[in-house]
Amino acid sequence: MKHIRKCKSCGIYTLKEFCPNCGKPTWEIRKYKFKYDDKYFEIKMKAKYGE
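Residues numbered from 1 in each chain as written. Predicted model: local features only at pLDDT ≥ 70, side-chain atom pairs only at ≥ 80, totals over all residues. Heavy atoms only, no water.

Observations concerning the overall build of the chain
Thought 1: Looking only at helices and strands, one finds one helix and three strands in the chain.
Thought 2: The helix and strand sequence of the chain, counted from the amino end, reads β-β-β-α.
Thought 3: Counting only residues that meet the buried cut, the chain has 10% of its 51 residues in that class.
Thought 4: Taking as baseline every contact in the chain between residues at least 6 positions apart, the subset at least 24 positions apart corresponds to 9%.
Thought 5: A total of about 5000 Å² of accessible surface is found on the chain, and carbon and sulfur atoms cover 55% of it. (Helix = DSSP H or I, 4+ residues; strand = E, 2+ residues; numbered from the N terminus. Buried < 20%, exposed > 50% of the residue type's maximum accessible area, 1.4 Å probe, protein only. Contact = heavy atoms within 4.5 Å. Areas by Shrake-Rupley, 256 points an atom, 1.4 Å probe, with all protein chains shown as cover.)

Things to note about a nonpolar patch on the surface
Thought 1: Taken together, the side chains of Ile 4, Tyr 13, Leu 15 and Ile 29 define a hydrophobic patch exposed on the protein surface, amounting to about 400 Å² of accessible area.
Thought 2: One can find Ile 29 in the loop between β3 (26-28) and α1 (41-49).
Thought 3: A relative accessible area of 35% places Ile 29 in the partly exposed class. (Patch = residues over 30% accessible without salt bridge, like charges linked within 9 Å, V, L, I, M, F, W, Y side chains within 5 Å. Salt bridge = Lys/Arg side-chain N within 4 Å of Asp/Glu carboxyl O.)

So, α1
In an α-helix, one turn spans 3.6 residues; hence positions three or four apart end up facing the same way.
Thought 1: Where burial is concerned, little of α1 is hidden: zero out of the nine residues are buried.
Thought 2: Positive backbone phi, at 85°, marks Gly 50, one or two positions downstream of α1.

Describing the state of the cysteines
Thought 1: Within this structure, the stated rule accounts for zero disulfides.
Thought 2: Cys 7 takes part in no disulfide bond, and the closest cysteine sulfur, belonging to Cys 10, lies 3.5 Å away.
Thought 3: In this structure Cys 19 is not part of a disulfide, and its nearest cysteine sulfur, from Cys 10, lies 3.4 Å away.
Thought 4: For Cys 19, a relative accessible area of 4% puts it in the buried group. (Disulfide = S-S within 2.5 Å.)

Here it is in structure tokens:
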């Protein structure tokens, strides 16, 4: 599974290791961590793990 990556120089989001716009390396963006006090936590858990 590929993760979303971002070019630090031009700010473009991509799945590739090198930016298609400027050709510089991209950086993997960290995954969002769920917070228990988030009002949408239950919906996110159902979407991730099923009902």
